[in-house]
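Each chain, written out:
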Amino acid sequence: MAAQIIDGKAFAATVREKVAGHVARLKEEHNITPGLAVVLVGEDPASQVYVRSKGKQTVEVGMNSVEHKLDVDTSEADLLALVDQLNNDPAIHGILVQLPLPKHLDEDLVINSISPAKDVDGFHISNVGLLSTGQKSMVPCTPLGCLMMLRDHHGSLSGMNAVVVGRSNIVGKPMAQLLLGDSCTVTIAHSRTKDLPDVVRRADIVVAAVGRPEMVPGDWIKEGATVIDVGINRIERDGKNVLVGDVDFASASERAGAITPVPGGVGPMTIACLLANTVTACCRANGLAEPEGLTA
Ligand code: NDP
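This is a predicted model, so every value here is computed, not measured.

Caption draft 1: A look at the UniProt feature "domain: Tetrahydrofolate dehydrogenase/cyclohydrolase catalytic" (unreviewed entry) in the protein. In the UniProt entry, the feature "domain: Tetrahydrofolate dehydrogenase/cyclohydrolase catalytic" (unreviewed entry) is given for residues 6-121. The span residues 6-121 is 48% helical and 16% strand by assignment, and the distance between its end C-alpha atoms comes to 24 Å.

Written as structure tokens, this is what we have:
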């Protein structure tokens, strides 16, 4: 049976609508406009595209967008001084330093210099600790988007077997923490995992975050499982550049109960969740009730 397609593009639009509604209420009732600052160092083409898209969507939901574009040879001291200035700016509620940074800059140092309350990427060590101890935190955007889609599809995830393939700090590990928080039985697989096909076949929920085009074939997928494909891989096929995920969509969608496509699955949810995190950070900063359904 062909799987139900989980439409991340449509779902992201509903998240943005919720964010926009909340932003409008913040303005009307409290005279507050959430502000997101994005810092881009250098001219990495993919990062430039992301930053443009983030800025555009931030403005579309009614928030203030501030972009700081710094030269590729910006010193660490200058970058840290900018982060410090943004940390102390009451009009800025979210700060995102676009990764990857040029090699001469220490990413961990820079990320950990962002105020945890404004760390809308959820990468600060304090937010990582808060998430892993089940406390209120800022949650990394991509895993948050995956969780929202899973909750929307299943309602409760309690007791389900979830396998996350990939153990990166930005996707795999926080995804596993979120699934654990929703009472799944979680397995984290990685490049050293033995008999990966067998591990994946036991999953009711598969989250693939590997970065290898179409690595997970349909015959690894348990009949009826839900498949969330985080991978974004650019490959050449039939003489054209195409985007594919980490899952072989054609064969996996024959066995899965539900599956996210690439493009149009997890991708659009990531920026939508960045906007959600910014409005959440703004509410917390002002001691106001958080928007429902936009946090973990
Ligand atoms: P990383 O490269 O940081 O991590 C990849 C993970 O996959 C590692 O843990 C690695 O294991 C594991 N892995 C690699 N090869 C294998 C293998 N053969 N079998 C099992 N596991 C393997 O990637 P990210 O987490 O940053 O990103 C993963 C994918 O998600 C990429 O395609 C990226 O483009 C995409 N992405 C999409 C986003 C979106 O908005 N949709 C956002 C962020 C990422 P080990 O640790 O052992 O090396």
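Caption draft 2: Geometry of the sheet that holds strand E3 (residues 64-70). Read across the sheet, 3 strands follow the order E3-E2-E4 without closing on themselves; strand pairing throughout is parallel. Strands at the two margins of the open sheet, each flanked by one partner only, are E3 and strand E4 (94-97). On average, each strand axis in the sheet is tilted by 15 degrees relative to the strand beside it, whichever way the strands run. Where strand E2 (residues 35-41) lies against E4, 4 bridges are found, and the strand directions are parallel. When the sheet's bridge partners are listed, valine 39 is paired in E4 with valine 97.

Caption draft 3: Structural detail: the nonpolar core. With 54 residues, the main nonpolar core has Val15, Val19 and Leu179 as its most contacted residues. Elements supplying a minimum of two residues to this core: helix H1 (8-30), E2, helix H6 (141-154), strand E5 (161-165), helix H7 (172-181), strand E7 (205-208) and helix H10 (266-285). Of the residues forming this core, the biggest block, 11 residues, is contributed by H10. Contact partners of valine 15, with chain neighbours within four places excluded, come to Met148, Met269, Ala272, Ala276 and Leu294.

Caption draft 4: Spotlight on helix H3 (residues 76-87). Under the 1.5 Å per step criterion, the end-to-end length of H3 is 16 Å for 12 residues, consistent within 8% with the ideal 16 Å. Taken together, the buried positions of H3 are occupied by Leu79, Leu82, Val83, Leu86 and Asn87. Viewed end-on, H3 has its buried residues packed into an arc of 140 degrees, placing them on one side of the element. Turned more than 90 degrees away from the buried face of H3, the exposed residues are Ala77, Asp78 and Gln85. On its buried side, H3 packs onto E2, E3, E4 and helix H4 (107-111).

Caption draft 5: Broad picture of the pattern of salt bridges. The final tally for this structure, using the stated rule, is 8 salt bridges. Across the pair arginine 151 and aspartate 182 runs a salt bridge whose closest N-O atoms are separated by 2.8 Å. Within this pair, whereas arginine 151 is found in helix H6, its partner aspartate 182 is found in the loop between H7 and strand E6 (185-189), the two being separated by 31 residues in sequence. Glutamate 214 is the partner of arginine 237 in a salt bridge, and the nearest nitrogen-oxygen pair spans 2.7 Å. Of this pair, arginine 237 sits in strand E9 (residues 233-237) while glutamate 214 is found in the loop between E7 and strand E8 (226-229), placing the two residues 23 residues apart along the sequence. According to the relative accessible area criterion, glutamate 214 is partly exposed, its value standing at 24%. Residues joined in a network through salt bridges with shared partners are Lys136, Arg284 and Glu290.

Reading the values: the criteria
Along each chain, residues carry numbers from 1 onward, in the same order as the chain's sequence is written. Since the coordinates come from a predicted model, pLDDT governs what is reported: local features require at least 70, and pairs of side-chain atoms require 80 or more to be given and counted, while whole-chain, interface and lining totals use all residues. Values shown for side chains rest on all heavy atoms present in the structure; no hydrogens or waters enter the calculation. UniProt positions are given in the numbering used here, feature names are shortened, and annotations may be inferred rather than shown by experiment. A run of H or I in DSSP counts as a helix once it spans at least four residues, and a run of E counts as a strand once it spans at least two, with each numbered from the N terminus. A pair of strands counts as paired when DSSP detects no fewer than two bridges linking them. To define axes, lines are fitted to C-alpha atoms, for helices over the stretch in contact only, and angles between the resulting N-to-C directions are given on a 0 to 180 degree scale. To qualify as a nonpolar core, a set must consist of buried Ala, Val, Leu, Ile, Met, Phe, Trp, Tyr and Cys residues joined through side-chain atoms within 4.5 Å. Only protein chains enter the accessibility calculation, which uses a 1.4 Å probe; a residue whose area is less than 20% of its type maximum is buried, one above 50% is exposed, and one in between is partly exposed. Should any heavy atoms of two residues lie within 4.5 Å, those residues are considered in contact. Given a helix with a known number of residues, its expected span is that number minus one, times 1.5 Å. Arc definition: directions from the helix axis to the C-beta atoms. Put simply, a salt bridge is a Lys or Arg side-chain nitrogen that is within 4 Å of an Asp or Glu carboxyl oxygen.

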